[in-house]
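Listed here are the chains, written in short residue letters.
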Amino acid sequence: MTADNEIDIKEAFQRAQKGHNNKAKLVASLKGRYNKFEDKTLFHEEFVHYLKYAMIVYKREPTVENVIEFVARFATSFQSPPKTEEVEEQQEDEEEEEETEDDHPFLSFIFNFLLESHKASSHAVRFRVCQLINKLLGSMAENAQIDDDLFDRIHQAMLVRVTDKFPNVRIQAALAMTRLQQPKDPDCPTINAYMLILDNDTNAEVRRAVLSCIAMSPRTLPKVLKRTRDIKENVRKLAYQVLADKVHIKALSIAQRVCLLQQGLHDTSEAVREVVCSCLLPAWLIRLDGNVIELLHRLDVENCAETALDTLKATFKGKPTEELLQDRVQLDNRKLIPVDSLTCENVLYWRALCEFIRAKGDEGDEMLEQVLPDAATYANYLYGYLRAVPLLSEEQRADFNQLELVMTKEFISQQLIHLIGCLDTNEEGGRKRVLAVLQEMLALPQTPSSLVSLLTEKLLDLIPDDHRRIQTVAEIISDVREPIMEASQPVDENESRRQQVQLAEVKVRILEAKQTLEDCITAQEFSRAAELKDSITELENCRNQIIQKIAESSQPADKEVRTEKNDPETLLRSLTMCAELLKQMNIKTRIGPTISALMSSLVLPSIANAHPAVRNMAVVCLGTCTLHSKELAKTHMVLLLQIAQLDEVKIRISALRAIIDLLLLFGFQLLSETAVTQTAPPSQSPDRQEDDAPPLAEEKGDVPEDTAQSILVMLSEFLDSEVSDLRTETAEGLAKLMYTGRISSAKMLSRLVLLWYNPVTEDDTRLRHCLGVFFQLYARESRVHQEVVEESFLPTVRTLMNAPATSPLAEVDINNVVELLVELTRPSALIKPSTNTEEVCVHDYLAVRMCGEMLKDPTAPEVRLYAKTLSNLELSRGETVRTDLQTLLQQLVQVVRDRVCLRALEKMVYQLVDSTEQAELLSASALQPLDVNADEAATDDQSKSAKRPKKGQRKVCTARGRKPSRRAESSEESDGENVPESVPVVRPSRRAKTAALEKTKLDLNTLINQEANVS
C-alpha cells in the first residue's frame, strides 16, 4: 500500500479518468511518488506505458480527455518558474558548468516521446500527440521558456502535422503552434502556415481553429477580413468575434470598416448579424468612448449613407428609450439643429433616430414629437437651407474645395428631405406648407439636380391620388421648361430719331398753316381760312399721336411671356420628374392625355438628344411609360431594341431593362397580335410554365419566329459581350424570363451555366450571385424546369469537352458542372416532390440519355464521366424503367473496355438487379439513414445509399443522405471515422439517456487490467 500522499502510476491513471477527481491532488500525489524514484527512467517508461492506452483512442471520450488533461498538468508541474533579470545576471557570473536547466527531465522526456510519435501511421496517435503538445504548451506560464532546440523540433513537427490528412489532427497542430508565433518576424513559418490554411483548407473547423489563435498583424489582418466572407456561417461568425476582440478600429481603413458593416449587417445568417450587433459595434464604440457621431465620422457617411443608417439602427436596438432621447444631435428649443451646426454626421444621426422611432408605430409617436417639430416649422427650415445651397458655375467646379463644400451641403439637404417622411402631415396647414415648399423647390432653377428625384418622390408621397399627382408634376414640368419671363423691348434709337424728325416737321407745318390762316382772315378769304383750320386740326392730331408714340418708346412696358428652354440641364430635370412620376403611378393607371402630351413633347424628342444623360433618362421614361399601355409598348418596342444595340453602354442597359420588363409583363405575344389567342391567362395554374413554354421557346413555331428569334439572338450576343455590366444585366434578365416561364430553352440555360462557371466572370460578384440563386430556385420550382435542366445536360458537357485549350472554358472542372446539374435535377430537391416512387423521374431520362451517349462512342473520354455520374442518380422504383436501364447497361458492359467504367457499370447493374435484396439486407444492418421518421421512404432509399461504399455520403440518393456531409464538417466527426448514430423516432427520457450514456462511456481500466493479466 502507498502512503496517503503518494500514489502509484497505474492508480493515478485510473483515477484521472473520472472527471470528479481533483486533478491537483492527483498531480501532487504522483509528483511525490516521482521524487522517491531514484532511477527516473523506470518512472518514465511506466508512465508512457499507461499513457499509450489513451493515445490510441481517436474518439473524444470523456475518460480519455480527462487522462490527457491530467498528463498535461502533471508534466508542466515540473517546470521551474522563469528566472528574473537579476537572477540571470547573477548566474552569468557563476561558472559555466553550472548552467541552469531550462526544462525538467520529465517534461523533456514527454516532449521527446511525443515528437517521436507524431509520424505514427495511426491517425488517433497523431491526433493525441498534437493535442498533448497543445495542452502542454498552453499549460505553461505566460513567460515560460523552453530550449531553442526543443522549440525548433516542436515547430517542425507541427508544421508537418498541419498538412495531415485528418482535419482533427490539423486542428490540434494549429492550436499547438499558437505560442510559437512571431508576429514581428516577416518570415515566421507559423504565420505563413496559418495564412495558407485560412486560404486553402477545405475543412471549416480547421479554419476556425486558426482564426481563434492567429496573431493580428498587418500581414494577417487581410486574411482574417477575408474569412468574414467564408462559405461557412461559423467561420464568418468567429472572424467577426476575432476582429472585435483583437483589432482596434483605427487599424482598419475606412473601406474595410464599411465593408465589414455592410456585409455583416446583411449576412444571410442571423447568428452572424447578431455577432456584428452585439460584439463588433460595441467594441468599436468602447474604443471611441461611446461617441456614435465619432463612429460615423470614421465611416465617411457621405459615400456610404445606407451602411451608416443600418449601423445606427443596429446600435439603437440595444438601447433603452430614455437613452435614445438623450440629445446627441444638439437640438434647439425649436427641436431643430441650428443651420450653422449641421454636419453630415449629426444630420444622418437625426434622420436615423427619427426613422427608428417612427418605425415603432403608435408607441413612438410621443417620442417623435420630442425630436422633430411640426410640419410647417420644418418646411420653413428646409426651405431656408435649400435656398442657401449655391449653384456652381463651370469655373467654380474646377475648384475642389468649393466642389467639396457644395457636395457636403447637397448631402445634408438629401437627409433633411428624407426627414419629411417622418413628419406628421395629417394636419392640413402643415401638409399644404410642405407641398408648397416642395413644388417651389422643384420649379426653382437653382435647386441642385441631385435633389430633384428625391424632392419629387417626397412630393408624390404626400399626394395619394394618381390623377392629382400627374397634374401637379405636369404643372411643375411646364414651369421648368417654359418659365414665365418679363420681356421688355429695347428702345430703338433710329426709330426715336425718326419720330422726333416727324414731330418737328408736323410742328413746322402747323406754324406755317397758322400763319397762312391769319393772312387769309386779314384778306377776308373765309373759305380758304376754313380749309386751313381743318388742316391745322389734323396736324395737331398727328402731333399728339407722335408725342404718344415717343412717350411709349421712351418708357416701354414689361410683358410676361413663356419661353421654352431646351438646354440639357432643364431637360434632365424635367425627365427626372417624369420618370419618378411614372414609377410612383399604379401600374393599372392608364395613360391619359397629360402623360401622352409629356411623351410627345418631352420624352420622345429627348431620345434623339445629343447629351447622353438626357437620352438615358428619356429611355427610362419611355420604358416605364410603356408598362402602363400595351399599345404604347407595341409601338415603341422596335425603338427600344434599336437603342439596346446602338447607343452608349449605360443607355443600352436602360433599354435592355425596359425590354425585359415588357417581356415579363406582356410576354412574347406582345410581338404579334396572333399570339394573344395562343397564350394562357396568367392566373390559370401554378405550373403556368407548361402552358407558356411552347409559344416562348425558340424551338417552337407558334410565335412569329422573326422578332422573337431576333430578340433571343440579341440577348445571346449580349452574354458574350466584353462589357461586364451589359453581360450581367442580360443574364439577370434571362434568369427572370426563364423563372417566370416566359422562356423555356435548354440552350439558353446551358449558356447561363457555362457563363456561371466561366473564369472570365470570376470577379463579377453580382452575376455569380444572381445565377447561383437562380439555378436553385428554378430547378426546385417544378418538374418542368428540371426537364429543361436535363435537356441542357449533354449540350453543356459537350461544350466543355470540346472547348479548345485557348478557351477559358478549358479551365472549368467538368465534374463540378455535372454534379451541379445532377443535384438540380434530383427529384427530392423539388419544393413539392412527388410521393409516387413508381413515377418516372427526370433522373431516369438523364440515365437513358447518358447510356445512349456512351453507346455512340464507348471509347470517348467522357464515358468515364458518364459512368461515374450514373451511380449518383436518384432513379425511380418503376420496373419498366429499371428493365430498360438494365438492358442498356448490359450492352455497355459488353462494349466498354475501360476498367474504371466497367466497375461503375457493373455496380449499377448489380444495384438495379438486386435492389429488393439490398433493401432487406440494409434494413437489418446497423448503418441506417440519419432520418428514419418515414419508414417507407427509408426502406426505399436504403438500397441506393448502401450501394456506394468508399465514395463518401455526399451523393446519396435522397436529400436526407446529405446530412452526414454537414456533420462531417464538425471537429468531432470531420474525418469520417465515426459511424453516425441513428436518431430515435421517439425522444427518450432524461433517465434513459443517462443510462445509455453510461453504457457507451469508454473505460481504459479494462484495457489496463487486461494488459496486466497477460503480462
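Below or above, wherever it landed, is the structure these notes cover. For clarity, every value in this text was computed on a predicted model and none was experimentally measured. (Residues numbered from 1 in each chain as written. Predicted model: local features only at pLDDT ≥ 70, side-chain atom pairs only at ≥ 80, totals over all residues. Heavy atoms only, no water.)

Focus: the overall build of the protein chain
Regarding its fold elements, the protein chain presents 50 helices and 2 strands. The buried share of the protein chain, taken over its 1015 residues, is 46%. Of the contacts made within the protein chain by residues no fewer than 6 positions apart, 72% connect residues no fewer than 24 positions apart. When the accessible surface of the protein chain is totalled, it reaches about 52500 Å², and 49% of it is carbon and sulfur. (Helix = DSSP H or I, 4+ residues; strand = E, 2+ residues; numbered from the N terminus. Buried < 20%, exposed > 50% of the residue type's maximum accessible area, 1.4 Å probe, protein only. Contact = heavy atoms within 4.5 Å. Areas by Shrake-Rupley, 256 points an atom, 1.4 Å probe, with all protein chains shown as cover.)

Looking at the nonpolar core
Residues Phe 47, Ile 154, Trp 350, Tyr 378, Leu 416 and Leu 870 are the most contacted members of the largest nonpolar core, which totals 278 residues. Other than its neighbours up to four places away in sequence, Phe 47 contacts Ile 9, Phe 13, Leu 30, Val 71, Phe 74, Phe 106 and Ile 110. (Core = buried A, V, L, I, M, F, W, Y, C linked by side-chain atoms within 4.5 Å.)

Looking at the packing of aromatic side chains
How two aromatic rings sit relative to each other is given by the distance of their centres and the angle of their planes. Taken as a whole and judged by the stated rule, the model has 18 aromatic pairs. Relative to Phe 74, the ring of Phe 43 lies with its centre 6.0 Å away and its plane at 40°, an arrangement referred to as tilted. Taken together, the positions of Phe 43 in helix H3 (residues 40–55) and Phe 74 in helix H4 (residues 62–76) put the pair 31 residues apart, joining distant regions of the chain. Phe 74 matches Phe 43 in its accessibility class, with the two residues each being buried. Among the aromatic residues, ring-to-ring pairing joins Phe 13, Phe 43, Phe 47, Tyr 50, Phe 70 and Phe 74 into one connected group. (Phe/Tyr/Trp six-rings, centres within 6.5 Å; stacked < 30°, edge-to-face > 60°.)

Concerning a nonpolar patch on the surface
Nonpolar side chains collect at one region of the surface, where Tyr 739, Val 773 and Leu 777 lie side by side and expose about 230 Å² of accessible area between them. Tracing the backbone shows Leu 777 in helix H38 (residues 765–781). For Leu 777, a relative accessible area of 44% puts it in the partly exposed group. (Patch = residues over 30% accessible without salt bridge, like charges linked within 9 Å, V, L, I, M, F, W, Y side chains within 5 Å. Salt bridge = Lys/Arg side-chain N within 4 Å of Asp/Glu carboxyl O.)

Focus: the packing of helix H1 (residues 9–16) against H3
A pair of packed helices can be characterised by two numbers: the angle between their axes and the separation between those axes. At a minimum axis separation of 10 Å, H1 and H3 run at an interaxial angle of 30°. Judged on the interaxial angle alone, H3 and H1 are roughly parallel. Note on packing geometry: the crossing formed by H1 with H3 is right-handed. The residues of H3 that touch H1, namely those facing Ile 9, Lys 10 and Phe 13, are Phe 43, Glu 46, Phe 47, Tyr 50 and Leu 51. Partitioning the contact of H1 with H3 into residue classes produces 6 nonpolar, no polar and 2 charged. (Axes fitted to C-alpha atoms, helices over the stretch in contact; angles between N-to-C directions. Parallel < 35°, antiparallel > 145°, perpendicular 65-115°, else oblique. Left-handed = near helix turned anticlockwise from the far one by under 90°. Nonpolar A, V, L, I, M, F, W, Y, C, P; charged D, E, K, R; others polar.)

Section: H38
In a regular helix each residue adds 1.5 Å, so 17 residues correspond to 24 Å; H38 covers 24 Å between its end C-alpha atoms and thus fits that length. Residues of H38 that are buried include every one of Leu 767, Cys 770, Leu 771, Gly 772, Phe 774, Phe 775, Tyr 778 and Ala 779, and no others. Structurally, H38 contributes buried residues whose contacts are with helix H36 (724–739), helix H37 (746–757), helix H39 (783–791) and helix H41 (814–824). (Expected span 1.5 Å × (residues − 1).)

Let's talk about the pattern of salt bridges
Following the criterion strictly, the structure yields 37 salt bridges and no others. Between Arg 657 and Glu 729 there is a salt bridge, with the nearest N and O atoms lying 3.2 Å from each other. Highlighted residues: Arg 657 in helix H33 (residues 649–666) and Glu 729 in helix H36, separated in sequence by 72 residues. For Arg 657, a relative accessible area of 43% translates into the label partly exposed. Bridged by salt links that share partners, the residues Arg 657, Glu 729, Glu 732, Lys 736 and Arg 766 form one connected network.

Some details on helix H29 (residues 568–584)
Relative to the 24 Å expected for 17 residues at 1.5 Å per residue, H29 spans 24 Å between its end C-alpha atoms, a close match to the ideal helical length. Counting buried residues in H29 gives 12 out of 17 residues, a clear majority hidden from the surface. On its buried side, H29 packs onto helix H24 (428–443), helix H25 (452–461), helix H26 (466–481), helix H30 (593–607) and helix H31 (612–626).

Considerations on unusual backbone geometry
For Asp 289, which is not glycine, the phi dihedral falls at a positive 60°. With respect to the helices and strands, Asp 289 occurs in the loop between helix H15 (270–287) and helix H16 (292–297). With a phi angle near 55°, Asp 300 is a residue other than glycine that sits in the positive phi range.

Points about a negative patch on the surface
A contiguous patch of negative charge on the surface is contributed by Asp 362, Asp 365, Glu 366, Glu 369, Asp 374, Asp 424 and Glu 427. Along the chain, Glu 369 turns up in helix H20 (residues 365–371). (Lys, Arg positive; Asp, Glu negative; His and termini not counted. Charge placed at Lys NZ, Arg CZ, Asp CG, Glu CD.)

Observations regarding the environment of Glu 631
By the secondary structure assignment, Glu 631 is in helix H32 (residues 630–646). Taking the C-alpha atoms as reference points, Glu 631 and Leu 670, 39 residues apart in sequence, are found 9.1 Å from one another.

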